Amino acid sequence: MSRTDTTRPVAVPAGDAPRSADTETAPRRSRWAVSGESRILLLVLPVVVALVFGAWAWWRATADLDSIEARQLAWGLILDLIWQHVKLTLVATFFVLLVAIPLGIALTRPRFKRAAPLAVGIANAGQAAPAIGLIVLLAMLLGFTFGTAVLALTLYAVLPVLRNTITGLQGIDPTLVEAGRGIGMSGAGVLFRVELPLAVPVIMTGVRTALVLLVGTATLATFVNAGGLGTLIVTGITLFRYPVLVSGALLVALLALLVDWAGRVLERVARPKGI
Amino acid sequence: MSTTTPPSNTRAGGTDAPGNPDVSGVDLELVDVLKRYPGQKKPAVDGLSLHIPAGEIVMFVGPSGCGKTTSLKMINRLIEPTSGTISIGGEDVRGRNVDQLRRHVGYVIQGGSLFPHLTVAQNISVVPRLLKWDSRRTSERVDELLELVSLDPAKYRDRYPRELSGGQQQRVGVARGLAADPPVILMDEPFGAVDPITRQRLQDELLSIQEELRKTIVCVTHDIDEAVKLGDRILILQEGAQIAQYDTPEAILAAPANAFVEDFVGAGSTLKQLSLSRVSDVELVHPTTATVGERVAEVRARAEANGDQAVVVLDERRRPVDWMWLRELAAADTVRPVRDDVLTLDRRATLNDALDMMLTSTHGAAIVTGRRDEYLGVVNFTAVTGHIQATEQQLAEGRAADATAGRDDAWEGGGA
Ligand SMILES: Nc1ncnc2c1ncn2[C@@H]1O[C@H](COP(=O)(O)OP(=O)(O)OP(=O)(O)O)[C@@H](O)[C@H]1O
Ligand SMILES: [Mg+2]
């Protein structure tokens, strides 16, 4: 599975280069004023997804399917599988955030700073391990359940969020932190009112990466009886029903695109004004 | 080691004994303060003892790495001293919760260090909020401070730092430092990141703010001219924060304590005197003025009668808006400015600043303004040279007197 770039350099503010005219003022910029490329992504992506899904639905309604195919591709079942898939993704994302963000914060505090490379190394190993192996292994230990699938997915997707939380926090201009402390903000005050808000854009990029990773990986949940769209793919393969297989793959791809889009929207909304 | 107390100040309008009701600052006292960074043999600050009187600006200068920043940050405990005591207004800084302490000590750093995700108003109100001021009091305070640092509140309150120029960011940084009306303000190279003209403006503004507030200000700089201009006293440090001299700018320039100070202050002590003298010390000339909207014919007649080639154009509140050559007036019936910004000099600017501006002006002179940018007159080369000559003469007399009566602190650079 490919990984999107999660270690984008952080926009480090302040410490501005000297500017000449004192009266000159930087132009005001709206947060929606985005570059051409990302605007196309933001606007075009949902349209493409809708069109492709529409085309698939039309095919589903008109195609000549045998009884097995028709049963596998029944609307009720499809919606169930999509819902399971989304649930797996969201629950795993929730746990990823719950683990990775506090861990990332801790690993950038002076006290635990030294452990950061180790923790990132472990998370790296978690992601480098074949996802299928991780899921099946955990299932043999913990049973074939939804919980097991969520645990495996969480372990698998911690890395991008953890790494970006650390990168985001480390990328903050230390003079801003010192300015905060210097005017009397507490350590926690600086963390919550200065450091985290400024790191949000980088952290959100990690979250989006994790989301996309999870949508893809959640296909494997079917191997531990946790459902999801992977079920269609596996059924398609075992029963030699290519329409089912392709439908499964297509729906996963569309869902991944949609989640990526939602992640981008979220990135924009969560980005504090002013940076 | 005993505390160094310099001879009493002779500048800035004289009477600033502690207890002066106008002074809102408090005394600062450092006793045998030592800081040794872990893993370093030599202390960065080696036994610094210093008394800083209430309501004064003390400038820390010295070569890079001599311990200025370290000394400054020990005052608000951003750096904890290895030993020694520091007290603010007679109270040991270690006696208090460190965050509480810092909320009552202003802190201004280079470039302003504003939080980029907060608006100007939010940046300034960080400390008032920590002090649990109600929102009405806070927002009134924000507007008051923006006025104080010459930014229009309505225009700038809701901007983000990146929507401001470097100089404006620095102004907001100063406003943030003043927010909770702290008696002591620490500044670390506050104007280091802006261009010379903006720096000069900010310096003038700081002086005018200080005239009103009379805080105790400790300001680090590596620019001796800035130190001479802003400081009621200057602390010149050598490596390890050893005091080379601690005195008024006048005294330091007139009588450097040793070769190090002499070197640091630089030769050309007459030129440095230019940083000591204010534009308000020299005789201004008064060329023909005109008011926007006045009839050109009348203005021209007046200028020709005075033998002037150019007129200073003022608006209805007597603020200079342009400095026009007569030929530029010809085009219209009534006086209308052709440029949209005219460079002016605050009366608190030093002669050094004045020379800078005069050299770049096509008029070979500079317009001087006073309170609320009101027009005062024009300073030209003749006036400055005259002032330098008078100063030279006074210095020579002073030296002669020194030879008989010991050191003389009374030199004031006010010879005009
Ligand atoms: N956090 C630190 N750890 C170790 N040594 C330090 C630290 N901060 C400063 N020093 C050392 O202490 C000495 C004094 O540093 P300080 O920052 O006070 O100098 P300064 O006078 O402010 O210099 P500059 O004009 O360059 O800002 C220097 O030799 C510096 O290398
Ligand atoms: Mg320094």
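About the cut-offs
- Residues numbered from 1 in each chain as written.
- Chains lettered and ligands numbered in written order.
- Predicted model: local features only at pLDDT ≥ 70, side-chain atom pairs only at ≥ 80, totals over all residues.
- Heavy atoms only, no water.
- Helix = DSSP H or I, 4+ residues; strand = E, 2+ residues; numbered from the N terminus.
- Buried < 20%, exposed > 50% of the residue type's maximum accessible area, 1.4 Å probe, protein only.
- Contact = heavy atoms within 4.5 Å.
- Areas by Shrake-Rupley, 256 points an atom, 1.4 Å probe, with all protein chains shown as cover.
- UniProt positions renumbered as here; feature names shortened; annotations may be inferred.
- Near = heavy atom within 4 Å.
- Polar contact = N/O pair within 3.5 Å; in protein donor to acceptor, adjacent residues only side chain to side chain.
- Nonpolar A, V, L, I, M, F, W, Y, C, P; charged D, E, K, R; others polar.
- Domains from an automatic or database assignment.
- Salt bridge = Lys/Arg side-chain N within 4 Å of Asp/Glu carboxyl O.
- pLDDT = per-residue confidence, 0-100.
- Pairing = 2+ DSSP bridges.
- Axes fitted to C-alpha atoms, helices over the stretch in contact; angles between N-to-C directions.
- Arc of directions from axis to C-beta.
- Right-handed = clockwise from strand over helix to strand, strands pointing away.

Things to note about the overall build of chain B
Of regular secondary structure, chain B possesses 16 helices and 16 strands. With 416 residues in all, chain B has 55% of them scored as buried. Look at the contacts in chain B between residues 6 or more apart in sequence, and 66% of them connect residues 24 or more apart. With the model as given, the accessible surface of chain B reaches about 17,700 Å², and the carbon-plus-sulfur share is 48%.

With respect to the UniProt feature "domain: ABC transporter" (unreviewed entry) in chain B
Within this numbering scheme, the UniProt entry marks residues 28-264 of chain B as carrying the feature "domain: ABC transporter" (unreviewed entry). Counting secondary structure, residues 28-264 of chain B comes out at 39% helix and 24% strand; the distance between its end C-alpha atoms is 26 Å.

Concerning the site of ligand 1
Residue and element names in this part refer to chain B. Surveying the vicinity of ligand 1 reveals the residues Tyr37, Gln40, Ala44, Ser64, Gly65, Cys66, Gly67, Lys68, Thr69, Thr70 and Glu189. A distance of 3.2 Å separates a nitrogen atom of ligand 1 from a polar side-chain atom of Tyr37. When the free accessible area of ligand 1 is taken as 640 Å², the share hidden by the protein chains comes to 59%. Residue composition of the shell around ligand 1, by class: 3 nonpolar, 6 polar and 2 charged.

Examining the domain arrangement of chain B
Accessible area lost during the coming together of the parts is what is often quoted as the interface size. All names here are of chain B. As far as domains go, chain B holds domain 1 (2-104 + 182-267) and domain 2 (281-384). Look at where the C-alpha atoms of domain 1 and domain 2 centre, and you get two points 38 Å apart. Listed by partner, the interface residues are 9 residues for domain 1 and 11 residues for domain 2. Across the contact surface, domain 1 and domain 2 share 2 salt bridges. Its salt-bridge partner being Asp353, residue Lys229 comes within 2.7 Å of it at the nearest N-O pair. Counting every contact that joins domain 1 to domain 2 gives 2 residue pairs in polar contact (both at pLDDT 80 or more). Broken down by secondary-structure element, the contributors of at least two residues to the side of domain 1 that touches domain 2 are helix H8 (196-213) and helix H9 (224-230).

Things to note about the confidence of the model for chain B
Predicted coordinates in regions of low pLDDT should not be interpreted in detail. Residue and element names in this part refer to chain B. The predicted model of chain B has a mean per-residue pLDDT of 86, with 89% of residues at 70 or higher. A low-confidence stretch, residues 1-19 stays under pLDDT 50, and its non-local contacts, those more than four residues away or across chains, total 44 contacts. Of the regions scoring below 50 in pLDDT, residues 406-416 engages in 27 contacts with residues more than four places distant in sequence or in other chains. Across the predicted assembly, pTM comes out at 0.78 and ipTM at 0.79.

Concerning the sheet that holds strand E16 (residues 375-380) of chain B
All names here are of chain B. Strand order across the open sheet formed by 3 strands is E14-E15-E16, with mixed pairing between neighbours. Each edge of the open sheet is held by one strand with a lone partner, namely strand E14 (344-346) and E16. For this sheet the average axis-to-axis angle between neighbouring strands, irrespective of direction, equals 40°. Bridge count between strand E15 (residues 365-369) and E16: 5 bridges; the pairing is antiparallel. Bridge pairing in E16 links Thr369 to Tyr375. Each of E14, E15 and E16 is contacted by helix H15 (residues 351-360), which is oriented at about 180° to E14, the strand it contacts most.

Focus: the sheet that holds strand E10 (residues 242-247) of chain B
All names here are of chain B. Spatially, 6 strands are ordered E6-E7-E8-E3-E9-E10 in an open sheet, and the strand pairing comes out mixed. Sheet topology places strand E6 (105-109) and E10 at the edges, where each strand pairs with a single neighbour. Across the sheet, the mean angle separating the axes of adjacent strands is 15° when strand polarity is ignored. With 4 bridges joining them, strand E3 (residues 57-61) and strand E8 (residues 216-220) adopt parallel strand pairing. Residue pairing for E8: Val58 is matched across the bridge by Val218.

Regarding the pairing of strand E1 (residues 28-35) of chain B
All names here are of chain B. Bridge analysis of E1 against strand E4 (residues 83-88) gives 5 bridges, and the strand direction is antiparallel. What sits directly across from Leu28, in E4, is Ile88. As judged from the 6 bridges shared by E1 and strand E2 (residues 45-52), these two strands associate in the antiparallel manner. The residue bridging Val33 from the neighbouring strand is Leu48, located in E2.

Quick look at the UniProt feature "transmembrane region" (unreviewed entry) in chain A
Residue and element names in this part refer to chain A. Residues given the UniProt feature "transmembrane region" (unreviewed entry) here are residues 40-59, 88-107, 128-159, 210-234 and 240-263. Secondary structure across residues 88-107 divides into 95% helix and 0% strand, with the first and last C-alpha atoms of the span separated by 28 Å. The distance from the first to the last C-alpha atom of residues 210-234 is 24 Å, and the span holds 52% helix and 0% strand.

A short note on helix H7 (residues 174-182) of chain A
The set of residues buried in H7 of chain A consists of Leu176, Ala179, Gly180 and Gly182 of chain A. Summarising the axial view, the buried residues of H7 of chain A lie within an arc of 165°, below the 170-degree limit, and thus occupy one face. Looking at the packing, one finds that the buried side of H7 of chain A touches helix H8 (187-217) of chain A together with helix H2 (98-103), E6 and helix H7 (166-178) of chain B. Phi turns positive one or two residues past the end of H7 of chain A, at Gly184 of chain A, with a value near 105°.

Some remarks on the UniProt feature "domain: ABC transmembrane type-1" (unreviewed entry) in chain A
Mapped onto this numbering, the UniProt entry gives "domain: ABC transmembrane type-1" (unreviewed entry) at residues 82-263 of chain A. Taken end to end, residues 82-263 of chain A has its terminal C-alpha atoms 18 Å apart, with 80% of it in helix and 0% in strand.

Focus: the pairing of E8 of chain B
Residue and element names in this part refer to chain B. Within E8, 5 of the 5 residues are buried, which leaves it mostly tucked inside the rest of the structure. Side chains of E8 alternate between two faces, with Thr216, Val218 and Val220 and Ile217 and Cys219 buried alike. Of the strand pairs in this sheet, strand E7 (residues 184-188) and E8 are connected by 5 bridges, and their pairing is parallel. When the bridges of E8 are listed, Val184 appears paired with Thr216. As for the winding sense of the linkage, the β-α-β connection from E7 through H8 to E8 is right-handed.

Thoughts on unusual backbone geometry
Within the chain, Phe240 of chain A stands out as a residue other than glycine whose phi angle is a positive 55°. Residue Phe240 of chain A is classed as exposed on the basis of its relative accessible area, which comes to 63%. The phi dihedral of Asp32 of chain B is positive, around 50°, even though this residue is not glycine. As for its position among the elements, Asp32 of chain B is in strand E1.

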